[in-house]
Amino acid sequence: MPLALFALTLSAFAIGTTEFVIVGLIPTMASDLNVSLPSAGLLVSLYALGVAIGAPVLTALTGRWPRKRVLLAVMSLFVLGNLLAWQAPNYTTLVVARILTGLAHGVFFSIGSTIATGLVAKEKAASAIAIMFTGLTVALVTGVPLGTYIGQSFGWQATFLIVALLGLIALIGSAILVPSNLKQPPATKLVDQMKVLTQPRLLLVYLITALGYGGTFTAFTYLAPILEQVSGFESTAIGLIMLVYGVSVAVGNIWGGKLADKAGPIKALTIIFTLLAAILLMFTFTAGNKITAVATILIWGAFAFGNVPGLQVYVVKLAEKYAPNAIDVASGLNIAAFNVGIALGSWGGGVIVAETGLMNTPWVGAIIVVLALMLTRFSGALDKRSVSADTTVKVTV
């Protein structure tokens, strides 16, 4: 594999770290910035909103730019955003920094797969994409807990400085190693994206994605304050618990992909959403004890991101039928739906914390996931009805 691919992987690692590391630092940041926990949690929502906007809109606007120029531009924006967060004198500046880095995140993952496949022979395309996305998995397993530890030990600003330096190394590596003559794919127009959004079946899956992810982040955004205030952990232990969660996520993501391949997306999502809702509800009762809290979090991680492969496979499957000329667009919009779910879930969790308290976030998150489960079953029923109708038409003909 070419060295340029590892520059992309390092970019993915830095981006994945900056997205999720803030979850472990929310109590520290809230205290230091003199804002409420919901206001600190809003930094998760606004980042995700930046991703949701950046992925479809900015990717379309830069569609005619050479891929390397877009890559260098978004990584420069990412570095600047994290440097701004490092030096942020107040909460408002930090909000701006998070939105900027979110915009960069959205564009990077929209073009990253295209660039990765352009670096290798056609038969190695899938492996190239897998290597690049390994950066995200490693970020969850190592980057987030290490970033949390650094933030707890040296101040949250230090975490953003380290991430900015990682982004700068990735930027320099990409500038040197990524070739300038990459194949230019057809520009994705906003009009094509709007056409995808007129397909009711795809809209239904996007809603399932937003609810399934949003339910998790209603509680996950406030995991650190729950562990400190309810479970009784010291702030220095949060990084280690995030490590446990990250390892579980990595295992769950692989398991979720294999389950979706073997059982099909609807059955896989039914199993995962059912277990995810159950574990969120369970956390309402287990959070008060250190041992049961960590055990629940270990199981939670396995299901929290296990729905990603099934949802992506399902979107592509439906896009092949209902939007065959815009499969990549449909898949990209599902990534935006994930981040809309994160934004709304984090915001909703903040409202719950402000109005009723921390420990109402897990069971409310469970209810949201149950809604995703119900819509999944409904979508599966529509699939069966569609297959039955197609069979009837063929027999008639």
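Values in this document were obtained by computation on a predicted structure and should not be read as measured data. (Residues numbered from 1 in each chain as written. Predicted model: local features only at pLDDT ≥ 70, side-chain atom pairs only at ≥ 80, totals over all residues. Heavy atoms only, no water.)

So, about helix α2 (residues 37-61). Helix length check: α2 (25 residues) gives 36 Å between terminal C-alpha atoms against 36 Å at 1.5 Å per residue, within 8%. Along α2, the sharpest change in direction is near 40° and occurs at glycine 54; proline proline 56 comes one to four residues later. Counting buried residues in α2 gives 18 out of 25 residues, a clear majority hidden from the surface. (Helix = DSSP H or I, 4+ residues; strand = E, 2+ residues; numbered from the N terminus. Expected span 1.5 Å × (residues − 1). Bend = angle between axes of the 7 residues up to and from the residue. Buried < 20%, exposed > 50% of the residue type's maximum accessible area, 1.4 Å probe, protein only.)

To continue, consider unusual backbone geometry. One non-glycine residue, asparagine 34, lies in positive phi territory at about 60°. Residue class for asparagine 34 comes out exposed when judged on its relative accessible area of 72%.

Next up on the list: a nonpolar patch on the surface. A cluster of nonpolar side chains, namely Leu3, Phe6, Ile162, Leu165, Leu168, Ile172, Ile176 and Leu177, defines an oily patch on the protein surface of about 740 Å² accessible area. Listed by contribution, the elements that provide at least two residues to the nonpolar patch are α1 (3-33) and α6 (156-177). For the nonpolar patch, the leading source of residues is α6, giving six residues. On the secondary structure map, phenylalanine 6 appears in helix α1. (Patch = residues over 30% accessible without salt bridge, like charges linked within 9 Å, V, L, I, M, F, W, Y side chains within 5 Å. Areas by Shrake-Rupley, 256 points an atom, 1.4 Å probe, with all protein chains shown as cover. Salt bridge = Lys/Arg side-chain N within 4 Å of Asp/Glu carboxyl O.)

Along the chain, valine 340 falls in helix α14 (residues 327-355). A C-alpha to C-alpha distance of 6.1 Å links valine 340 and alanine 52, two positions 288 residues apart in sequence.

Turning our eyes to something else, we now look at the nonpolar core. Of all hydrophobic cores here, the largest spans 67 residues; its most connected members are Met29, Trp300 and Phe305. Once residues lying within four places of it in the same chain are set aside, the contact partners of methionine 29 are Ile22, Asn34, Leu43, Leu94, Trp156 and Phe160. With 29 residues, the next largest nonpolar core counts Ala12, Val70, Ile115 and Val163 among its residues. (Core = buried A, V, L, I, M, F, W, Y, C linked by side-chain atoms within 4.5 Å. Contact = heavy atoms within 4.5 Å.)

Below, the discussion takes up the packing of helix α10 (residues 238-263) against helix α11 (residues 265-286). Relative to each other, α10 and α11 sit at 135°, their axes nearing to 7 Å. Between α10 and α11, the angle is such that the two are oblique. Of α11, the residues touching α10 (which contributes Trp255, Gly256, Leu259, Ala260 and Ala263) are Pro265, Lys267, Ala268, Ile271 and Ile272. A breakdown of the residues in the contact of α10 with α11 according to their chemical character gives eight nonpolar, one polar and one charged. (Axes fitted to C-alpha atoms, helices over the stretch in contact; angles between N-to-C directions. Parallel < 35°, antiparallel > 145°, perpendicular 65-115°, else oblique. Nonpolar A, V, L, I, M, F, W, Y, C, P; charged D, E, K, R; others polar.)

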